Number of protein chains: 2
Amino acid sequence: MADAQDPAGQGLLFLTDEQLRKGAEAMFFAYRGFTADPDRILEKYGYGRAHHRAIHFIRRSPGTTVNNLLAILGVTKQSLNRVLRTLIEDGLVESRIGARDKRERNLFLTESGTALEHELSSAQRARLRAAFLEAGPDAVSGFRKVLEAMMDPELRRHYNRTGGT
Amino acid sequence: MADAQDPAGQGLLFLTDEQLRKGAEAMFFAYRGFTADPDRILEKYGYGRAHHRAIHFIRRSPGTTVNNLLAILGVTKQSLNRVLRTLIEDGLVESRIGARDKRERNLFLTESGTALEHELSSAQRARLRAAFLEAGPDAVSGFRKVLEAMMDPELRRHYNRTGGT
DNA sequence: CTTGGAAAGTCAACAAGGCTGACATAAACT
DNA sequence: AGTTTATGTCAGCCTTGTTGACTTTCCAAG
């Protein structure tokens, strides 16, 4: 029954139900580790993961609009707005009325917003750097390949819309 | 500045800040895809991700105790208890008083609990299977290696406590 | 120039699922 | 007998998600 996915038994052992379940658990446990360090930092400031996500994507695309952020984050505008409002009130994010289209708001990190972004991403990158080093470049390439294949097509577009070679 | 992490410029390009940020986004977008299918199924039954996690780990270790589940899931007993109570009331999970230690409760999936577990894990495995196939066995190996390196040591123990070769 | 619709913001209400703290019970251990 | 452990439960709080209704601003087409 372990070979239900591989009746011929030749080389598809990485697709057995057991291997797939194991992959699912790997995602679950790894994601916990992935968010653990930023979560601890956010708590100091009274923020949550939602604030982190907003800050991250504003840094990635300075001047991005609320609508664009909504598409990336996949939440409702009311939910995002609540988070954004506190960040603006606290002076971490600046919302400028659009130049071309004045209905739009262009979002930027302020100096202190940039500082928090850096604190958060430093911690997260440290964790990833250690994992990447331990696993090695080939493993990292595979990691990226599998994760990309796991994304919804629409999100995959957003993922590929950025820089890194 | 792209090479701040690789002053020598020789072969550590996968550790640049840009690559690490990209890896972080990969985790974020992929996790969204990873949970999307089960989330849709859970909604049909009025459950959430918390129920899925409980069901998953009870199936993985039938007869597991509440305490063990708490350690794996990393939530408070009040939070887990709320989820567990609904699953027991709905007849998806059975809670038997421990044989050796009568303070403990041993948790099992009932027939209908097993059915829901199967529906959830089927959807999740289908997504993973497609991703694994697209990426190939070597990529999958790297995927697993990086994710394992990303876990907190304590969770890594739980991860390695199970079966799959 | 008016009107239709898109972009954004706001208010209210609600739910899931985290959390803390306090307390109850039963069983096991010392 | 007294303490510790495992579990359950009540009450209350927070974050972050949801829906629905409504307003304001403003672009663009008729």
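In this report, the structure presented in the accompanying data block is examined. (Residues numbered from 1 in each chain as written. Chains lettered and ligands numbered in written order. Predicted model: local features only at pLDDT ≥ 70, side-chain atom pairs only at ≥ 80, totals over all residues. Heavy atoms only, no water.)

So, the overall build of chain A
The criterion, for reference: Helix and strand definitions here come from DSSP, where helices need a minimum of 4 consecutive H or I residues and strands a minimum of 2 consecutive E residues; each element is numbered from the N-terminal end. Based on C-alpha atoms, the radius of gyration is set beside the globule rule, defined as 2.2 Å times the residue count to the power 0.38. Only protein chains enter the accessibility calculation, which uses a 1.4 Å probe. A residue is then buried if its area is under 20% of the maximum for its type, exposed if over 50%, and partly exposed in between. Contacts are assigned to residue pairs with any non-hydrogen atoms lying within 4.5 Å of each other. The accessible surface values rely on the Shrake-Rupley method and a 1.4 Å probe; as for residues, cover is taken only from the protein chains in view. His is not counted, nor are the chain ends, whereas Lys and Arg count as positive and Asp and Glu as negative. In plain terms, the charge of a residue is placed at NZ if it is Lys, CZ if Arg, CG if Asp and CD if Glu.
Per the secondary structure count, chain A includes seven helices and three strands. Secondary structure elements in chain A, listed N-terminal to C-terminal, are α-α-β-α-α-β-β-α-α-α. A compact globule built from 165 residues would reach a C-alpha radius of gyration of about 15 Å, whereas chain A, at 19 Å, exceeds it by more than 25%. Dimensions of chain A, computed from the C-alpha atoms along their principal axes, are close to 60 × 35 × 30 Å. Within chain A, the fraction of its 165 residues that count as buried is 48%. In chain A, the proportion of contacts linking residues at least 24 apart, taken out of those at least 6 apart, comes to 49%. When the accessible surface of chain A is totalled, it reaches about 8,400 Å², and 51% of it is carbon and sulfur. With 25 positive and 21 negative side-chain charges, chain A shows a spacing of 7 Å between the two charge centroids.

Regarding the protein's contact with DNA strand D
This is how the line gets drawn: Whether a residue is near a molecule or strand depends on its heavy atoms: it is near if one of them lies within 4 Å of it. Polar contacts, as counted here, are pairs of nitrogen or oxygen atoms within 3.5 Å of one another; within protein the pair requires one atom able to donate a hydrogen and one able to accept it, and residues that are adjacent in sequence qualify only if both atoms are side-chain atoms. Amino acids are sorted into nonpolar (Ala, Val, Leu, Ile, Met, Phe, Trp, Tyr, Cys and Pro), charged (Asp, Glu, Lys and Arg) and polar (every other residue, Gly among them).
Taken together, 24 residues form the shell around DNA strand D, and within it A:Gly48, A:Arg53, A:Thr76, A:Arg82 and B:Lys77 come nearest. Protein-proximal atoms of DNA strand D, defined as those within 4 Å of the protein, fall in sugar or phosphate at a share of 55%. Contact distances for DNA strand D include 3.2 Å between a phosphate oxygen and a side-chain N or O atom of B:Asn81. B:Arg85 has a polar side-chain atom sitting 3.4 Å from a phosphate oxygen of DNA strand D. When residues of the surface near DNA strand D are traced back to their parent elements, those giving at least two are α2 (49-60) and α4 (77-89) of chain A together with α3 (66-73) and α4 (77-89) of chain B. A breakdown of the residues in the surface near DNA strand D according to their chemical character gives three nonpolar, ten polar and eleven charged.

Quick notes on the relation of the copies chain A and chain B
Each of the two chain copies goes to the other by way of a rotation about an axis and a shift along it. Put simply, the rule is: The copies were overlaid by least squares, fitting only the C-alpha atoms of residues that reach a pLDDT of 70 or more in each copy.
You can overlay chain A on chain B at an RMSD of 0.0 Å; the transform is a turn of 180° with a shift of 0.0 Å along its axis. In symmetry terms, the pair is related by a two-fold rotation axis. No C-alpha of chain A approaches the rotation axis more nearly than that of A:Phe143, which lies at 1.8 Å. Here 100% of the contact residues of chain A are again contact residues in chain B; the copies associate through an equivalent surface.

Structural notes on the packing of aromatic side chains
Using the following cut-off: Note on aromatic contacts: the rings of Phe and Tyr and the six-membered ring of Trp form a pair at centre separations within 6.5 Å, being stacked when their planes are under 30 degrees apart, edge-to-face when over 60 apart, and tilted otherwise. We count a charge as sitting over a ring when the NZ of a lysine or the CZ of an arginine lies within 6 Å of the ring centre and within 35 degrees of the ring normal.
A full pass over the atoms with the stated rule returns 13 aromatic pairs over all chains. Ring plane angle 50° and centroid distance 5.5 Å describe the contact between A:Phe28 and B:Phe57, whose orientation is recorded as tilted. One end of the pair, A:Phe28, is in helix α1 (residues 17-45); the other, B:Phe57, is in helix α2 (residues 49-60), on a second chain. Residues A:Phe28 and B:Phe57 agree in their burial class; the two are buried. When the ring centre of B:Tyr159 is taken as origin, the NZ or CZ atom of A:Lys22, which lies over that ring, is 4.4 Å away.

All we've got here are geometric facts, nothing functional implied.
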